[in-house]
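One-letter residues, chain by chain:
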Amino acid sequence: MRHVQRVLDRVGLLQLDSVNVVARSHRLPLFSRLGPYDDDLLRRAAERPPRRLVEYWAHEASLVPPATHRLLRWRMARAADEAWGRYRRILAERPRLLDEVLGAVREGGAMTAAQLTAHLHPGVPRSSAGSWMVPPTEAVLAGPARDVKAAAEQLFWSGELTAAGRTAQFERRYDLPERVLPPEVAGAPDPDEADAVRGLVEIAGRSLGVATEAHLRDYFRLRPDASRRAVDELVEAGVLAPVTVRGWARPALLHRDAAFPRRVAGRALLSPFDSLVFERSRTEALFGVRLRLEIYVPAARRVHGYYVLPLLLDGELVARVDLKADRAGRVLRVQAAWAEPWAPAHAAEELAGELRSMAAWLDLDDVAVTGPGDLAPALREALRAT
């Protein structure tokens, strides 16, 4: 758990995403940095007291330390003013439903949206819900189920409810903040918004090391004016230092705790939602690689694949692979494998070793190259050799 905590302290957040073609996105950053860790450690950190992680809208839906959750209360306070679509309709047309949902959780404990619907509307059949984050259509979630889900999500957004964890189907289990957050966080006064934003920018700076103001702002999806003001204050305080990065068009900022290693060695497969690469312009500026999430691109128009993980090798992104965990066949399938122009000759061998490690961590028996790509033949040979 000390190793897990060290990673959490460094990255500041773990982005959540429903896609499970390899593994849930929040599980992968720890594997990238620790190797095949015990997955129960992450569950303990996020679902058992004293919690080291709680869920909220940070960089999209994310797991953050409880202290960071407190820094986002200004965002919760704006939930009613910034509500849109079905949330605004619930606030305007069915305000009593919010009280009913909140009361049901207070009395009955942590519940999913489906359980809340069953509790408040006995006899209503459970419909197949939409995705965990994208609003379901009227046809998918109709009537009471749709409204209860919207009410629960609005209460989560406003901070009146939080998440006690996720089910195996990735449904959020709503609960009261005082039953989830550590007492010293739940009972702490709300920080001033300017102080909170400054704290978030500092976390981003510490996590990124070197970044432009836009990169820092993106980490917690902050507004430009608030982010720029926080950066100026952190520069004045000596926390961030203006620097010039060769090849970058915009001024950069260096966090005072950034390390300056003489040599960078090691390898890691990175989730496309990893905080090292989720700000695509920074990824391109640092590594010369343009990453694109092609999940929502029609199959015929994809360039590299559906769920593509780049390979970080000795400080450079040298390859990318489209992976799928075939759990029924117990095989990690490489649906495409591509090398960057600067990839070293041993890139396929290093990638094969990392894929073997990932397959074992996922409790799969083998790795199979089943798709195209300029690196696919060499990777197939490297896998045979291991």
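Here is what the cut-offs are and how they apply
- Residues numbered from 1 in each chain as written.
- Predicted model: local features only at pLDDT ≥ 70, side-chain atom pairs only at ≥ 80, totals over all residues.
- Heavy atoms only, no water.
- Helix = DSSP H or I, 4+ residues; strand = E, 2+ residues; numbered from the N terminus.
- Rg over C-alpha atoms; globule rule 2.2 N^0.38 Å.
- Buried < 20%, exposed > 50% of the residue type's maximum accessible area, 1.4 Å probe, protein only.
- Contact = heavy atoms within 4.5 Å.
- Salt bridge = Lys/Arg side-chain N within 4 Å of Asp/Glu carboxyl O.
- Pairing = 2+ DSSP bridges.
- Core = buried A, V, L, I, M, F, W, Y, C linked by side-chain atoms within 4.5 Å.
- Axes fitted to C-alpha atoms, helices over the stretch in contact; angles between N-to-C directions.
- pLDDT = per-residue confidence, 0-100.
- Phe/Tyr/Trp six-rings, centres within 6.5 Å; stacked < 30°, edge-to-face > 60°.
- Lys NZ or Arg CZ within 6 Å of the ring centre and 35° of its normal.

Under the annotation held in an unreviewed UniProt entry, the chain carries the name Winged helix-turn-helix domain-containing protein and is attributed to Pseudokineococcus marinus.

## Some points on the overall build of the chain
Scanning the chain from terminus to terminus reveals 18 helices and 13 strands. By the compact-globule yardstick of 21 Å for 386 residues, the chain fits well, its C-alpha radius of gyration being 22 Å. Its C-alpha atoms give the chain principal-axis dimensions of about 65 × 55 × 40 Å. Counting the 386 residues in the chain, one finds 52% classified as buried.

## Some details on the side chain of Glu 340
Positionally, Glu 340 belongs in the loop between β12 (331-339) and α17 (347-361). Setting aside its immediate chain neighbours within four residues, Glu 340 contacts Val 289, Leu 317, Val 318, Ala 319 and Arg 320.

## Details of the pattern of salt bridges
For the structure shown, the criterion picks out 32 salt bridges. Measuring nitrogen to oxygen at the nearest pair gives 2.9 Å for the salt bridge that ties Glu 340 to Arg 320. In this pair, Glu 340 sits in the loop between β12 and α17 while Arg 320 sits in strand β11 (residues 316-326), placing the two residues 20 residues apart along the sequence. Each member of the pair Glu 340 and Arg 320 is classed as buried. Ionic contacts of the salt-bridge type, sharing partners, join the residues Arg 27, Asp 39, Asp 40, Arg 43 and Arg 48 into one network.

## Some thoughts on the sheet that holds strand β3 (residues 60-64)
Pairing is antiparallel in the open sheet, where three strands are placed in the order β1-β3-β2. Each end of this open sheet is capped by a strand with a single partner; those strands are β1 (14-15) and β2 (54-58). Here β1 pairs with β3 via two bridges, running antiparallel. Looking at the pairing, Leu 14 lines up with Leu 63 of β3.

## So, the nonpolar core
One finds Leu 323 and Met 358 to be the most contacted residues of the largest nonpolar core, which totals 111 residues. Per-element tally for this core: the top contributor is α17, with eight residues. Not counting residues within four places of it along the chain, the set of residues in contact with Met 358 comprises Val 22, Leu 28, Phe 31, Leu 269, Leu 309, Leu 323 and Leu 332. Membership of the second largest hydrophobic core comes to eight residues, among which are Leu 270, Val 277, Phe 287 and Leu 291.

## Brief notes about the sheet that holds strand β10 (residues 308-313)
Strand order in this open sheet of five strands is β9-β10-β11-β12-β13, and the pairing throughout is mixed. Of all strands in the sheet, those with a lone pairing partner are β9 (267-269) and β13 (366-369), marking the two edges. Averaged over all pairs of adjacent strands, the angle between their axes in this sheet comes to 30°, without regard to strand direction. In this structure, β12 lies alongside β13, joined through four bridges in parallel fashion. In the sheet register, Val 334 faces β13, and the bridge partner there is Val 369. Strand contacts of helix α18 (residues 376-385): β12 and β13, with the helix running at about 155° to β13, the strand carrying the most contacts.

## Some points on the pairing of strand β4 (residues 162-166)
When you tally the buried positions in β4, you get five out of five residues, the bulk of the element. Of the strand pairs in this sheet, β4 and strand β5 (residues 172-175) are connected by four bridges, and their pairing is antiparallel. Looking at β5, one finds that Ala 163 is bridged to Tyr 174. Where β4 folds back on β5, the antiparallel hairpin that results is connected by five residues, among which Phe 170 adopts a positive phi of roughly 70°.

## Some remarks on the confidence of the model for the chain
Mean pLDDT for the chain: 94, with 95% of residues reaching 70 or above. Within the model, pLDDT remains below 50 along residues 128-141, and this stretch shows 25 contacts once partners closer than five positions in the same chain are excluded.

## Brief notes about the packing of aromatic side chains
For the coordinates displayed, the defined rule picks out eight aromatic pairs. Their ring planes at 45° and their centres at 5.7 Å tell us that Tyr 56 and Phe 156 sit as a pair that is tilted. Pair noted here: Tyr 56 is in strand β2 and Phe 156 is in helix α10 (residues 143-158), with a separation of 100 residues, a long-range link. Among the aromatic residues, those joined into a ring-pair cluster are Phe 31, Tyr 37 and Trp 361. In this structure, Arg 27 is placed above the aromatic ring of Trp 361, and the distance from its NZ or CZ to the ring centre is 4.8 Å. Taking NZ or CZ as reference, Arg 166 lies 4.6 Å from the ring centre of Phe 170, over its face.

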